[in-house]
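# Breakdown of the fold
The lines below spell out each chain.
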Amino acid sequence: MKTKTNLFLLILLSLSVTFISCEKEPGCMDPNSLTYNPDAKKDDGTCIYAYDIALGIWNMDPDCEEYTIPVIGTTVSLNDQLPDSIYVQGDDGVDDLFIDIDGTQLSGTIDYEGNVLVDPQTISIDMGFGPMDIDVSGSGFISSSTLGSMDLTYSFDIDIVPGFPISESLDCSISLTR
């Protein structure tokens, strides 16, 4: 009888260890996610993507080069032209981003790692002497749900003397926070 009891306990212990060791670790199983867990065996819906955390309102702290207009000597700062915040909106999980800067929309993309790319495009900004077309391009990085950065280059022509435009380019480093 003692042998049967010991055998029963041994089988019960073996089955318990087998079931416990088969327990699947929950977590995000998508390697493209910021919260990817390589040890996860069961997806628990906790995947977070850079695209998702980029959406919404971001506070801007720009550090832009100033420009002194030749001949008239007026200095213009892009820091003063940029808004205090931007609104980043997307297109239902696609990696396209639309960045609203004071009613002017820049478009860009964001990859799974949080890298932002703003391909060259023309926008209109009033730098104090009427609206002018400015070419904008740049890149950035969303490092968390509360921190990011962007480096934008603004290129434009100024017609001080009609028919003789002066081409200029200004760089802007922008800190993004929430």
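This structure is a prediction, so every number in the text was calculated from the model and none was measured.

## Overview of a negative patch on the surface
Taken together, the side chains of D133, D135, D157 and D159 define an acidic patch exposed on the protein surface. Elements represented by at least two residues in the negative patch include exactly strand 10 (131-142) and strand 11 (147-161). As for its position among the elements, D159 is in strand 11.

## Observations regarding empty space enclosed by the protein
Enumeration over the complete set of coordinates arrives at one cavity of 30 Å³ or more. Computed from the structure, the largest cavity encloses a volume of approximately 60 Å³. Considering the residues around the largest cavity, the lining is formed by A54, W58, V88, L97, I99, V116, I142, M150 and L176. The class makeup of the residues in the lining of the largest cavity is nine nonpolar, no polar and no charged.

## Notes on the side chain of S77
Position of S77 relative to the elements: it lies in strand 5 (residues 75-77). S77 sits in the buried class, given a relative accessible area of 9%. Within the local environment of S77, its side chain forms a polar contact with the backbone nitrogen of N79, the two atoms lying 3.1 Å apart.

## Description of the packing of aromatic side chains
What describes a pair of aromatic rings is the distance from one ring centre to the other and the angle between the planes of the rings. Scanning all chains against the criterion turns up one aromatic pair. Each ring, one from Y67 and one from F156, has its centre 5.4 Å from the other, and the planes form 90°; the classification is edge-to-face. Of this pair, Y67 sits in strand 4 (residues 66-68) while F156 sits in strand 11, and the two are 89 residues apart along the sequence. Take Y67 and F156: they sit in the same class, and that class is buried.

## Describing the nonpolar core
In terms of nonpolar packing, the biggest core is built from 35 residues, with L152 and Y154 touching the most fellow members. Once residues within four sequence positions are removed from consideration, Y154 is found in contact with L78, L82, I125, I134, D135, V136, E168, S169, L170 and C172.

What counts, and at which threshold
Residues numbered from 1 in each chain as written. Predicted model: local features only at pLDDT ≥ 70, side-chain atom pairs only at ≥ 80, totals over all residues. Heavy atoms only, no water. Patch = residues over 30% accessible without salt bridge, like charges linked within 9 Å, V, L, I, M, F, W, Y side chains within 5 Å. Areas by Shrake-Rupley, 256 points an atom, 1.4 Å probe, with all protein chains shown as cover. Salt bridge = Lys/Arg side-chain N within 4 Å of Asp/Glu carboxyl O. Lys, Arg positive; Asp, Glu negative; His and termini not counted. Charge placed at Lys NZ, Arg CZ, Asp CG, Glu CD. Helix = DSSP H or I, 4+ residues; strand = E, 2+ residues; numbered from the N terminus. 1 Å grid on protein atoms, 1.4 Å probe; cavity = no way out; pocket = protein on both sides within 12 Å on 5 of 7 lines; lining within 4 Å. Points joined across faces, edges and corners; volume = space filled by probe spheres on them. Nonpolar A, V, L, I, M, F, W, Y, C, P; charged D, E, K, R; others polar. Buried < 20%, exposed > 50% of the residue type's maximum accessible area, 1.4 Å probe, protein only. Polar contact = N/O pair within 3.5 Å; in protein donor to acceptor, adjacent residues only side chain to side chain. Phe/Tyr/Trp six-rings, centres within 6.5 Å; stacked < 30°, edge-to-face > 60°. Core = buried A, V, L, I, M, F, W, Y, C linked by side-chain atoms within 4.5 Å. Contact = heavy atoms within 4.5 Å.

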